[in-house]
Structures are given as structure tokens and as C-alpha cells.
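Close look at the chain arrangement
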Amino acid sequence: MKPDWNTVELRVDANILRAALNGGQGLAGGDTADNQNGYGPIALYTGGTGEVRYKDVAYRDLNPKTEPEEQVSSHFRMQRLSDFDYGWCAAAADINHDGVPDIVSGPFYYLGPKYTERHEFTSANTYNPSSVYPQAMVIFAADFNGDGWPDILAADSRPMYLYINPKGESRRWDRYLVMPNVTTEVVLLRDVEGDGKPAIVYGGGGVYAYAQPDPANPTGTWKVHAVSQDVPVNIHGIGAGDMNGDGRMDIVAPAGWFEHPPKGTPEGPWKFHPVNFGPGGAEMAVYDVNGDGLSDVVTSLQAHIWGVSWFEQKKDGTFTEHPIMGDQWAKNAGGVTFSEPHGSTSADMDGDGIPDFIVGKRHWAHLESYTDPDPYGPAVLYVFRTVRNPKAPGGAEFVPELIHNRSGVGSHLIATDLNKDGAIDIVTSVNRGTFVFWGKKGAWKK
């Protein structure tokens, strides 16, 4: 009988043993009673009956830590807005009404076009990335109260608070708890109803839902529109897009997608299409990858482990998974692999009219520990360009381009044309600071 090989990874740090099977988690670990004073051989033990075989046994000394020489892609110019850990997210809007987009991250907004001057909209605290989680998981900027000035919606751990723009007054902004039941770490800002009004797509209270402010009381608790029945809500992984080509925005979760019903349908759960999009990672991108007219899904698979794949939609509504990046032992696009793909987004980076997938590593996602695999790996930020190729599986391939190796992602990053030069810029806020990567116009065509 042909052996059924499995990959087992064992990590020993201090007196703690953690084990992973086939790139996932779930194997029992343990600890020692030697008060961290033990030192000795590595041994493999097999108990019980039956035959067990080992191959490709290797070990890595976790004591040395290597910080790579800094690299920035030639397609971008890097600007560091802050050197400190203030949050895991970023947004952009014209906060001060001067016609230029500003950047919001952590407790600050940075005034464009230079982004060297920052203002507090709430009390500022920097965090020790080794031992303290920042509060801001996700952040958005839009006119939520209808007065024409962009407000800020930010998570304080999970619950979300609305900060009302004081219209140019130099002070901290008034804060209101508007979404108390958010449980997902990945939250989206989308025009779900197609009426030009922003909505928050999330999971919480036992359902997947979207929420909007009441125009008559925008600082009160927002109205929740549940799109699912009571279901287990995965805290990682959520997306939104037109999955079936009917012109309405659907909502995607790791276990499948919810079909937006026609206008005028009574309020209630949307039709659910079960699909296994993986255990759950970050923002799930919805777009036509291979040019066949059907929406596909591109997503990281596990926020705190490994994996990025695209799921090709077939004409019968089923999906086929095409791996892009797995663990260290997989065959990966461009030979690239990194753990902790907790934050991602999509945008047409190279100007070919096809969205690309932007994703990176959340460095020390669970603080300075070996709770997750390869926590000390380079804090990389990548764009995986979508290249249609009829010879590739599914008719497309993803070509990785390293943007930067000393920043990474948090839980939420943005890709937008900040300076309106026709090139997409990327803003990421992480435990190493807040960064803008300015896209260079025409650089991808060289």
C-alpha cells in the first residue's frame, strides 16, 4: 500500500511544544517541567502498533533571528508616516475639506498632500508590539451622518465607534458606540444596497450582516440587516461582490456566499450557496480572474497560518480551487511563501484593467511568541498580479512582486490613487509604523 504522507511541524520555544499537521493546527502540544533549563537531543518516538515511516526530516534553530536588508519595489516610492505601533488599519478621505485626500490611521489623520502633519481625533497611545495588542482592528472614513464632512468609524478591539468630524475644529472628536456586536476581525465598507450610502459588512451576534446609520439618528445604534440565519461566524474572512452577475452585491464568507435578493424582497436571510473557500483569512476579493465572464474569489486561506488561493467559478455555480501560495513545502507562485496573511485587498496595480491581489504578513500577529508559525519571518508586503494565461490551471496565474520586506500588513490596508496621478498607492499600518507606497505612473509598462 502506498504511504499516505503527512507534514508535521513541531515548534519548541522556552518550555512549550506546539504541533501542526499539514500546515494547519490542532495537534496536541505540551510543556516541560525543567523550568526552561533543559537541553538535549531531538528524538522521534512512535508508539502503538503499525508501521510509521519518516522522510525529509529537518530542523531549524530558532535562536538566531535575521532582519533582511530593506527592499522596496522599483514600482513604488516608500514614505513612512509614523515609526510607532498605533494600529492595524488605514483609511483615506478628505477630512479637512481642502480637496485633497487625507490618511486616517490609529488615532490620527495625516493631512495631504505631504502627510507630514498629523492631528489626533482621539487620545493617542502607542503600543509595545511584543506584549500589547493595539485597539484599532479596522478603520473607515466616510460621511456617515450626512453633513458633508467625512467621519471616522473605528474598531475598539471588536465593537465599532463613530467619531463625528467637528468640521475643522482643532480638537478630539466626539465618540459614539454604534456597532456593539461585531465579532469579525475583518470588516468591509461597501455600498451594499447600491444607493450610494456606505454600509459596514461584518459578522456578529451570530449572523453575517450589514449595518447602516439611521439618517435621523446616525450616532445611535446602527440598523442591522442580517443576511444569514444564526450560524457560526468565522472571525476571519469576509468579502463582497456580484457573484452571479445580476448587478447586486452579494456577501462572501469562508463557508459560501449569500445571494442579494431583488429590490423589494421582504427583510430576511439571503439565499445561501455553500462553498468551501477555506478556514478563513482576510478580505476576500471578488472579480473575474480568468476573463470567462464569471466572478471568482481570491483569498488568503488561514489568517494565522499559511495559504492563498483563487477559486474559479464554473458555469454550473461550483468552484475549483487553484493554490497560489502554500506553506514552506508547497509549490508556490514565484517561490514565495509567508505566514500570517491576515490583511489583503485588491486593485488594478499594473493598469491592465484586471484587479490584482495585495496581501502580506502580519508580523507578530499574536505578539512576540511562537503561537503562530514563522513569527520572525520578514514582514513582507506583496502584490500578486493577475495574469490571464490559457495554459495555466483555470486560465490564469498570479505573479508575485515584493513591494516591501520591513512592514507587512495588519488587519486592513487600502489601495487607492491618493494623488490622482493614475497610479494606485498602498497604505498599510502595522506594528512597525504607518507607510505609504506611492505607485509610479507607467512603471509597470517598462
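Residues numbered from 1 in each chain as written. Predicted model: local features only at pLDDT ≥ 70, side-chain atom pairs only at ≥ 80, totals over all residues. Heavy atoms only, no water.

A look at the layout of surface pockets
Within this model, the second largest pocket holds a volume of roughly 540 Å³. Around the second largest pocket sit 28 residues that line it, and L189, R190, H412, I414 and A415 are the ones nearest its centre. Breaking the lining of the second largest pocket down by element, the ones donating at least two residues are β5 (91-93), β9 (139-142), β13 (188-190), β21 (283-287), β25 (343-347) and β29 (414-416). (1 Å grid on protein atoms, 1.4 Å probe; cavity = no way out; pocket = protein on both sides within 12 Å on 5 of 7 lines; lining within 4 Å. Points joined across faces, edges and corners; volume = space filled by probe spheres on them. Helix = DSSP H or I, 4+ residues; strand = E, 2+ residues; numbered from the N terminus.)

Describing the sheet that holds strand β11 (residues 160-164)
Strand order across the open sheet formed by four strands is β9-β10-β11-β12, with antiparallel pairing between neighbours. A single partner strand is all that each edge strand has here, and the edge strands are β9 and β12 (174-179). Averaged over neighbouring strand pairs, the angle between their axes works out to 25° when direction is ignored. Pairing of β9 with strand β10 (residues 151-155), which is carried by four bridges, proceeds in the antiparallel orientation. The residue bridging F140 from the neighbouring strand is L153, located in β10. (Pairing = 2+ DSSP bridges. Axes fitted to C-alpha atoms, helices over the stretch in contact; angles between N-to-C directions.)

As for the packing of aromatic side chains
Inspection of every chain in the model, using the stated rule, returns 20 aromatic pairs. Ring geometry for Y86 and F108: centres 4.8 Å apart, planes at 85°, overall edge-to-face. Taken as a pair, Y86 in the loop between β4 (76-82) and β5 and F108 in strand β7 (residues 108-111) lie far apart in primary sequence, 22 residues in all. F108 carries the same exposure label as Y86, and that label is buried. Arranged with centres 6.4 Å apart and planes meeting at 50°, the rings of W310 and F398 form a pair that is tilted. Here W310, found in strand β23 (residues 308-313), pairs with F398, found in strand β28 (residues 396-404); they are 88 residues apart in sequence, far enough to count as distant. Here the two residues W310 and F398 agree in accessibility, since each one is buried. Taken together, the ring pairs connect Y109, F121, Y163 and W173 into an aromatic cluster. Above the plane of the ring of Y376 lies K65, whose end atom (NZ or CZ) is 4.8 Å from the centre. Above the ring of Y161, the side-chain terminus of R175 is found at 3.6 Å from the ring centroid. (Phe/Tyr/Trp six-rings, centres within 6.5 Å; stacked < 30°, edge-to-face > 60°. Buried < 20%, exposed > 50% of the residue type's maximum accessible area, 1.4 Å probe, protein only. Lys NZ or Arg CZ within 6 Å of the ring centre and 35° of its normal.)

Quick look at the sheet that holds strand β8 (residues 117-120)
Within a sheet, each strand pairs with its neighbour through backbone hydrogen bonds, oriented either parallel or antiparallel. One open sheet accounts for four strands, arranged β5-β6-β7-β8; its pairing is antiparallel. A single partner strand is all that each edge strand has here, and the edge strands are β5 and β8. For this sheet, the mean angle separating the axes of adjacent strands, direction not counted, is 30°.

Here we look at unusual backbone geometry
For residues that are not glycine, phi is negative in most cases, and the peptide bond is trans in most cases. Residue G112 is joined to P113 through a cis peptide bond whose omega torsion reads 10°. As for its placement among the helices and strands, P113 is situated in the loop between β7 and β8. Within the chain, H97 stands out as a residue other than glycine whose phi angle is a positive 60°. Assessed through its relative accessible area of 42%, H97 is described here as partly exposed. Its identity is not glycine, yet D374 carries a phi of approximately 50°, on the positive side.

What to know about the side chain of D425
Tracing the backbone through its elements, the reader meets D425 in strand β30 (residues 425-430). Of the side chains with opposite charge, R77 comes closest to the buried, unpaired D425, at an N-O distance of 7.4 Å. Side-chain polar atoms of D425 contact the backbone nitrogen of L418, separated by 2.8 Å. Aside from chain neighbours lying at most four places away, what touches D425 is I414, A415, T416, D417, L418, N419, F437, W438 and G439. (Lys, Arg positive; Asp, Glu negative; His and termini not counted. Salt bridge = Lys/Arg side-chain N within 4 Å of Asp/Glu carboxyl O. Polar contact = N/O pair within 3.5 Å; in protein donor to acceptor, adjacent residues only side chain to side chain. Contact = heavy atoms within 4.5 Å.)

A word on the pattern of salt bridges
One pass over the structure, following the stated rule, counts 17 salt bridges. For R406, the salt bridge goes to E67, with nearest N and O atoms at 2.9 Å. With R406 in the loop between β28 and β29 and E67 in the loop between β3 (27-31) and β4, this pair connects stretches of sequence that are 339 residues apart. R406 sits in the partly exposed class, given a relative accessible area of 26%. The class for E67 is partly exposed, based on a relative accessible area of 42%. The shortest N-O distance in the salt bridge between R171 and E169 comes to 2.6 Å. The exposure class of R171 is partly exposed, given its relative accessible area of 33%. Residue classification places E169 among the partly exposed positions, given a relative accessible area of 43%. Several salt bridges converge on common partners, so that one network encompasses E67, R406 and R432.

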